[in-house]
Amino acid sequence: MDDLPRVGLLGGGQLGRMLVEEANHLNIPIQVLDTPNAPAKQVHYHPKDVNGSFATAEAVRQLADECDLLTVEIEHVDTDILEEVSHGGVKIEPSWRTIRIIQDKFEQKQHLKRNHVLTAEAVVVNNMHDLESAAKALGYPLMLKARRQAYDGRGNHVVRSESDLQDAMTSLGTRGLYAERWMNFKKELAVMVVKTKDGALTYPTVETVQENSICKLVYAPARGISREVAQAARDLAKRAVQAFPGKGVFGVEMFLLDDDTVQVLEIAPRVHNSGHYTIEACGISQFAAHLRAILDLPVPEESLELEQPAVMLNILGGATPWSHQTLAERALELPKARCHLYGKGEARPGRKMGHITVTAPSLLEAERAICPLIETCDTLQR
Ligand code: ATP
Ligand code: MG
Ligand code: MG
């Protein structure tokens, strides 16, 4: 491990923070590009860290000058610069082509379809006329989505009827948009996929619960689904990720439909909120798996299996700038709860400030244990 490539990371938010924490355990130096007090920089030091934005060409070039391999904690990066530095010999994992396709949610869907991966029907919307035609084709309700820079549901607008059309267009403004067929799902599932030099491996199928389009809870394993459905979700996630070049961890969000079929909602070309449970519940975490995958270090398949069931609860910004702290303090009172705070300072409502994972010998016990925290969380959101 002493001849590892010099690794640079675009983005030092909470995902970057958990990546560098894992890198520290393995003596892997990482050069982080983000603002000086970003969450990752608070727990890490590298003399060649770059201060600036991962969206700025000059800062990315500066990072690339000192690195052999670049990876990302966020897909909203300038892929033209990544393409440029890759021609200069810097490796990008996953590939800049993958990041470029995935960062445009409409292109991502088209790419999945071309690769015969089931996903919701989508139609480009550039103006009111396009939206009216899309509504005729897809019916109501439908989901109007921004193609780019979308996360935590910012960039999505539910169109319930004709009278919502104008509001939807106005609220999403002048960004490139697309309309997506409404999915009456039974559950939302997610699978983390690890793409190594040798192929793709999967973590177990988990259930995600979103509230206001933001992930609130993750149940590992997913509750109330058959072994076949759990396997089908893993197979679909693997097939979806295999359609994209490059190594590393990918998060695949899926819908479980009424007929028990599984469909891809979207893919993240990076570690993901629905994989945080792996820190406590699996042999190696998604963060360790990502580093190992991009550096061609061993990833034993067994180490991705669940060692114990887990429930993860996100700590979101609440009604006041510090109300999320109350939830973290309550978590400290629970014997099996592990609390992760991200060092973001003051919160705004809905912002991801940390997460709590409770593990137990059975999922039911983990659910019972975390119950009081969910109640506290709901009170704080009001
Ligand atoms: P993320 O933070 O996961 O990147 P995002 O902003 O990219 O979120 P989506 O994943 O597209 O948003 O959607 C957020 C949530 O909205 C989904 O988890 C799901 O609950 C709901 N949703 C999205 N698309 C549809 C759809 N076509 N039909 C029904 N519900 C949907
Ligand atoms: Mg998304
Ligand atoms: Mg999503």
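Residues numbered from 1 in each chain as written. Chains lettered and ligands numbered in written order. Predicted model: local features only at pLDDT ≥ 70, side-chain atom pairs only at ≥ 80, totals over all residues. Heavy atoms only, no water.

Student: What is the right way to look at the coordination of the magnesium ion (ligand 3) in this model?
Tutor: Angles between donor atoms at a metal ideally measure 109.5 degrees for a four-coordinate tetrahedral arrangement and either 90 or 180 degrees for a six-coordinate octahedral one. Taken together, Glu253 (OE), Glu253 (OE) and Glu266 (OE) make up the protein donors of the magnesium ion (ligand 3), found 2.0 to 2.8 Å from the metal. Separating the magnesium ion (ligand 3) from the magnesium ion (ligand 2) is a gap of 3.8 Å, bridged by Glu266, which donates to each. Here Glu253 is found in strand β14 (residues 248–257), whereas its partner Glu266 is found in strand β15 (residues 262–268), with 13 residues between them in sequence. Glu253 sits in the buried class, given a relative accessible area of 18%. (Donors = N, O, S within 2.8 Å, 3.2 Å for Na, K, Ca; no water. Helix = DSSP H or I, 4+ residues; strand = E, 2+ residues; numbered from the N terminus. Buried < 20%, exposed > 50% of the residue type's maximum accessible area, 1.4 Å probe, protein only.)

Student: Explanation requested: the site of ligand 1 in the structure shown.
Tutor: Of all residues adjacent to ligand 1, which total 20 residues, the nearest are Lys105, Lys145, Asp152, Gly153 and Glu188. Within the backbone of Asp152, a nitrogen or oxygen atom sits 2.6 Å from an oxygen atom of ligand 1. Here an oxygen atom of ligand 1 and a backbone polar atom of Gly153 are 2.7 Å apart. For ligand 1, whose free accessible area comes to 620 Å², the fraction covered by protein is 92%. Taken together, the elements giving at least two residues each to the shell around ligand 1 come down to β7 (142–146), β9 (177–181), β10 (185–196), β14 and β15. A per-class count over the shell around ligand 1 returns eight nonpolar, four polar and eight charged. (Near = heavy atom within 4 Å. Polar contact = N/O pair within 3.5 Å; in protein donor to acceptor, adjacent residues only side chain to side chain. Areas by Shrake-Rupley, 256 points an atom, 1.4 Å probe, with all protein chains shown as cover. Nonpolar A, V, L, I, M, F, W, Y, C, P; charged D, E, K, R; others polar.)

Student: Whenever I open this one, the pattern of salt bridges confuses me. Can you help?
Tutor: A side chain of one charge can pair with a side chain of the opposite charge if their charged atoms are brought near each other. Going through the model one piece at a time under the given rule, you end up with 25 salt bridges. Residue Arg147 pairs with Glu107 through a salt bridge whose shortest N-O separation is 4.0 Å. Separated by 40 residues along the polypeptide, Arg147 in the loop between β7 and β8 (156–159) and Glu107 in helix α6 (residues 105–114) bring together distant segments of the chain. Glu180 is the salt-bridge partner of Lys109, the closest N and O atoms lying 3.0 Å from each other. Of the two residues, Lys109 sits in helix α6 while Glu180 sits in strand β9, which places them 71 residues apart along the sequence. In this structure, Lys109 and Glu180 share a single accessibility class: buried. Each of the salt bridges in this network shares a partner with another, and the network as a whole consists of Lys187, Glu207, Arg223 and Glu367. (Salt bridge = Lys/Arg side-chain N within 4 Å of Asp/Glu carboxyl O.)

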